[in-house]
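# Descriptive analysis of the structure
Letter by letter, the chains look like this.
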Amino acid sequence: MQTAVLCGCFAAIALSLAEGILPLEKFGKQIRLLTAVLLLSALLRPVLNLKDADFSGGTDSAAQQTEAITEQLRAAQESAVAESVCQALNQALAEKQVKCTVSSCALHIDGDRSISINEVVITGNVQTGTVYLREWLGAKVTIREGGGT
């Protein structure tokens, strides 16, 4: 199912690109043929892979896959939020004209969708940066100096 959806998305993207680049009147038949082949292959791929499927532990395997995907999504979401928090903190420090850079943030998104910042790594003027970051983030957040730039 995942492969079919993925192939369908790629087919839609390819069709959109083809329609935008090529004039439909001239290449209409070729675009329709290409789209039909892509969609047909997307729909037949899962059916053709049934012989490789393991039906004995299907529910356990599906549960494990779902859990793994959920964990990957959570990690990707936390990474994206951490990047946004770092950018916002760097912007706030720049507005205060502090020569300090937040290089990374470690955070956790709780089940109720609240964000808990655990650690912030900074470079540059660490003392002044720490004062502002403690004011903004609170005393519970670990602020440490990072090496490098």
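Heads up: these notes are all about the structure in this document. No experiment lies behind these values; they were computed from the predicted model shown.

The rules behind the values
Residues numbered from 1 in each chain as written. Predicted model: local features only at pLDDT ≥ 70, side-chain atom pairs only at ≥ 80, totals over all residues. Heavy atoms only, no water. Helix = DSSP H or I, 4+ residues; strand = E, 2+ residues; numbered from the N terminus. Buried < 20%, exposed > 50% of the residue type's maximum accessible area, 1.4 Å probe, protein only. Contact = heavy atoms within 4.5 Å. Areas by Shrake-Rupley, 256 points an atom, 1.4 Å probe, with all protein chains shown as cover. Pairing = 2+ DSSP bridges. Right-handed = clockwise from strand over helix to strand, strands pointing away. Axes fitted to C-alpha atoms, helices over the stretch in contact; angles between N-to-C directions.

## What about the overall build of the protein?
For the protein, the count of helices and strands is 4 helices and 3 strands. Mapped in sequence order, the helices and strands of the protein form the string α-α-α-β-β-α-β. Within the protein, the fraction of its 149 residues that count as buried is 19%. Across the protein, every contact between residues at least 6 apart in sequence was considered, and the portion connecting residues at least 24 apart equals 42%. Of the accessible surface of the protein, which amounts to about 10800 Å², a share of 59% is contributed by carbon and sulfur atoms.

## Points about the pairing of strand β3 (residues 142-145)
Taken together, the 4 bridges between strand β2 (residues 115-124) and β3 define a ladder with parallel strand orientation. Residue pairing across strands places Val-120 opposite Ile-143, the latter belonging to β3. For the segment spanning β2, helix α4 (residues 126-137) and β3, crossover handedness is right-handed.

## A few points about the sheet that holds strand β1 (residues 100-109)
Taken in spatial order, the 3 strands line up as β1-β2-β3 in an open sheet, and their pairing is mixed. The open sheet terminates on both sides in strands that have one partner only, identified here as β1 and β3. Averaged over all pairs of adjacent strands, the angle between their axes in this sheet comes to 20°, without regard to strand direction. Strand contacts of α4: β1, β2 and β3, with the helix running at about 165° to β2, the strand carrying the most contacts.

## Quick notes on the environment of Leu-133
Along the chain, Leu-133 turns up in helix α4. Take Leu-133: its relative accessible area is 0%, and that puts it in the buried class. Separated by 41 residues in the primary sequence, Leu-133 and Ala-92 place their C-alpha atoms 9.6 Å from one another.

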